[in-house]
Amino acid sequence: MRILVVEDEQPLADAIARGLRREGLAVDIAYDGPDGQEKAMVTRYDVIVLDRDLPQLSGDELCGEIVASEALTRVLMLTASGSVEDRVEGLSLGADDYLAKPFAFNELVARVRALGRRSTPASPPTLTATELVLDSARRRVRRPGGEIELTRKEFGVLEVLLSANGEVVSSEELLERVWDEHADPFTTTVRVTVMTLRKKLGEPGVIDTVVGSGYRIPSAGAETTLDTSDAGRS
């Protein structure tokens, strides 16, 4: 899940980003309205955590632009005021949810995850393929041999591939969905992560390489004629 935090209080923005990253989410930060506007219009985010009281371009204005763009991005608006009138006004601007400061971080995480599920076609909480089971809520992966320990990025890649229901996912999309804006678009990090993920998942292999296109995990019952040997898995 790709998140944008737009908050002019830098310590708070950084703290939110650190916490969300610990939850395995890819997070970008903007410290003012114009920077948030540029990032929101260039990158497809699942959720934008948006402070209402931003300098130069207010959160209200930015929220309106996001809604007008008809993007699937969901907006969680933050504000120092938690009155009913303010909540109603924020939601009437097109925000999908509203959270008053100060807030409990676990509540923020729960709201972000709930909005993220609404930004894309809903996926079941448990994803499966070839006796492989991924539990998104508990962030666990297991096969008949037992539970498999994955890094946050490996888990993110596996979750995106399983959620694609057998469709091919390009390296560029994996980089966009699992990593943040600091990732080098020319890096080999996606290929290396897929290689280590394959080793941890073991045999039989579940991740296919579609040469020139990307990677996929065939859906249940799907036939594949792809080379899944080590030579065809770079």
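A brief structural summary.

Criteria and cut-off values
- Residues numbered from 1 in each chain as written.
- Predicted model: local features only at pLDDT ≥ 70, side-chain atom pairs only at ≥ 80, totals over all residues.
- Heavy atoms only, no water.
- Helix = DSSP H or I, 4+ residues; strand = E, 2+ residues; numbered from the N terminus.
- Buried < 20%, exposed > 50% of the residue type's maximum accessible area, 1.4 Å probe, protein only.
- Contact = heavy atoms within 4.5 Å.
- Axes fitted to C-alpha atoms, helices over the stretch in contact; angles between N-to-C directions.
- Parallel < 35°, antiparallel > 145°, perpendicular 65-115°, else oblique.
- Nonpolar A, V, L, I, M, F, W, Y, C, P; charged D, E, K, R; others polar.
- Pairing = 2+ DSSP bridges.
- Polar contact = N/O pair within 3.5 Å; in protein donor to acceptor, adjacent residues only side chain to side chain.
- Expected span 1.5 Å × (residues − 1).
- Arc of directions from axis to C-beta.
- Core = buried A, V, L, I, M, F, W, Y, C linked by side-chain atoms within 4.5 Å.
- Lys, Arg positive; Asp, Glu negative; His and termini not counted.
- Salt bridge = Lys/Arg side-chain N within 4 Å of Asp/Glu carboxyl O.

**Structural notes on the overall build of the protein chain**
So, point 1. Per the secondary structure count, the protein chain includes eight helices and eleven strands.
So, point 2. The burial tally for the protein chain puts 44% of its 234 residues in the buried class.
So, point 3. Considering only contacts within the protein chain whose residues lie at least 6 apart along the sequence, 57% involve residues at least 24 apart.

**Some details on the packing of helix α6 (residues 152-163) against helix α8 (residues 189-201)**
So, point 1. Two numbers describe how α6 lies on α8: the axes approach to 10 Å, and their chain directions differ by 85°. Classified by the interaxial angle, the pair formed by α6 and α8 is roughly perpendicular. Counted together, K153, E154, V157 and L158 of α6 and T193, V194, T196, L197, K200 and L201 of α8 form the full contact between these two elements.
So, point 2. Taken together, the residues of the contact of α6 with α8 sort by class into five nonpolar, two polar and three charged.

**Description of the sheet that holds strand β6 (residues 126-129)**
So, point 1. Here four strands make up an open sheet; going across it, the order is β6-β7-β8-β9 and the pairing antiparallel. The sheet is open, and its two edges are formed by β6 and β9 (146-148), each paired on a single side. Strand-to-strand twist of the sheet, defined as the mean angle between neighbouring strand axes without regard to direction, takes the value 25°.
So, point 2. Pairing of strand β8 (residues 140-143) with β9, which is carried by three bridges, proceeds in the antiparallel orientation. Its bridge partner being in β9, R143 is matched across the sheet by G146.

**Points about the environment of R143**
So, point 1. The residue R143 is located in strand β8 in this model.
So, point 2. Note: C-alpha distance between R143 and E203 (60 residues apart in sequence) is 10.0 Å.
So, point 3. Apart from residues no more than four positions distant in its own chain, R143 is found in contact with T130, E131, L132, I148, L201, G202, E203, P204 and V206.
So, point 4. A polar contact is formed between the side chain of R143 and the backbone oxygen of G202, at a distance of 3.4 Å.

**Some points on helix α1 (residues 10-22)**
So, point 1. An ideal rise of 1.5 Å per residue puts 18 Å on 13 residues; α1 measures up with 18 Å between its terminal C-alpha atoms.
So, point 2. For α1, the full list of buried residues reads A13, I16, A17, G19 and L20. Across the axial projection of α1, the buried residues extend over an arc of 165°, all falling on one side. In α1, the exposed residues that point more than 90 degrees away from the buried face are P11 and R22.
So, point 3. Just downstream of α1 lies G24, where phi reads positive at about 90°.

**Things to note about the nonpolar core**
So, point 1. Core analysis: the largest hydrophobic core is formed by 27 residues, its most contacted members being V141, L158, L201 and I207.
So, point 2. Elements represented by at least two residues in this core include exactly β6, β7 (132-135), α6, α7 (171-178) and α8.
So, point 3. Within the second largest apolar cluster, 18 residues are counted, among which are I3, V27, V49 and L115.

**As for the side chain of R198**
So, point 1. Mapped onto the elements, R198 comes out in helix α8.
So, point 2. Despite being buried, R198 has no salt bridge partner; D208 is the closest side chain of opposite charge, sitting 6.1 Å away.
So, point 3. Looking at R198, its side chain comes within polar contact range of the side chain of T209, at 2.8 Å.

**Some points on the pattern of salt bridges**
So, point 1. For the structure shown, the criterion picks out 13 salt bridges.
So, point 2. Notably, a salt bridge pairs D35 with K39, separated by 3.5 Å at the nearest N-O pair. One end of the pair is D35 and the other is K39, both in helix α2 (residues 33-42) and four residues apart, which spans about a single turn.
So, point 3. Judged by its relative accessible area of 15%, K39 is buried.

**Observations regarding the sheet that holds strand β1 (residues 2-6)**
So, point 1. Taken in spatial order, the five strands of this open sheet run β2-β1-β3-β4-β5, and their pairing is parallel. Both outer strands of the open sheet, β2 (26-30) and β5 (97-100), are each paired with one neighbouring strand and no more. Strand-to-strand twist across the sheet, computed as the mean angle between neighbouring axes with direction ignored, equals 20°.
So, point 2. By the bridge criterion, five bridges tie strand β3 (residues 47-51) to strand β4 (residues 74-79) in an arrangement that is parallel. Paired with I48 across the two strands is V75, which belongs to β4.
So, point 3. Across the sheet, α1 touches β1, β2 and β4, and the angle it forms with β2 is around 170°.
So, point 4. The strands touched by α2 are β1, β2 and β3; relative to β2, the strand with the most contacts, the crossing angle is about 140°.

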